[in-house]
Amino acid sequence: MDETIGLELNDTKGYFYVSVDGKQEAKMTFVFAGKDKMIIDHTEVNPGNNGKGFGKKMVAKAVEFAREKKITLVPLCPFAKSVFDKNPEFRDVL
């Protein structure tokens, strides 16, 4: 099984995704609010993939991206917010 966690950027918005054997199985969308803030607005995981940790992996990738770019994350998506609530090590980017 070949799993990839990636990022697609398109000017002021984009998404993180999980791809398994070349098929996109999960997606977390965001929009930029100015130059230093990114709002995570939606997370979806394809049926049959619940419990595989794809959502948390995408949040972790977003945290890594935020740290690199020195930006703040705003988790409006209830799922993303729950991941931040459960993982204090991610909160430095809030």
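Let me sum up the structure you'll find in this document.

Conventions and cut-offs
- Residues numbered from 1 in each chain as written.
- Predicted model: local features only at pLDDT ≥ 70, side-chain atom pairs only at ≥ 80, totals over all residues.
- Heavy atoms only, no water.
- Helix = DSSP H or I, 4+ residues; strand = E, 2+ residues; numbered from the N terminus.
- Buried < 20%, exposed > 50% of the residue type's maximum accessible area, 1.4 Å probe, protein only.
- Arc of directions from axis to C-beta.
- Contact = heavy atoms within 4.5 Å.
- Pairing = 2+ DSSP bridges.
- Axes fitted to C-alpha atoms, helices over the stretch in contact; angles between N-to-C directions.

Relative to the helices and strands, Phe-32 resides in strand β3 (residues 23–32). The exposure class of Phe-32 is partly exposed, given its relative accessible area of 24%.

So, on to helix α2 (residues 78–86). Restricting attention to buried positions, one finds in α2 the residues Ala-80, Val-83 and Phe-84. Buried residues of α2, seen end-on, are gathered within an arc of 100° and therefore sit on one face of the element. In α2, the exposed residues that point more than 90 degrees away from the buried face are Pro-78 and Lys-86. Contacts from the buried residues of α2 go to β4 (37–45), α1 (54–69) and β5 (72–75).

Moving on, we come to the sheet that holds β3. Spatially, five strands are ordered β1-β2-β3-β4-β5 in an open sheet, and the strand pairing comes out mixed. The open sheet has two free edges, formed respectively by β1 (3–10) and β5, since each of these has just one partner strand. Strand-to-strand, the axes of this sheet are offset by a mean angle of 25°, without reference to chain direction. Summarising the sheet, β3 and β4 pair through seven bridges and their orientation is antiparallel. Residue Met-28 lies in a different strand from β4, and its bridge partner there is Thr-43. This element, α2, spans β4 and β5 of the sheet and lies at about 120° to β5.

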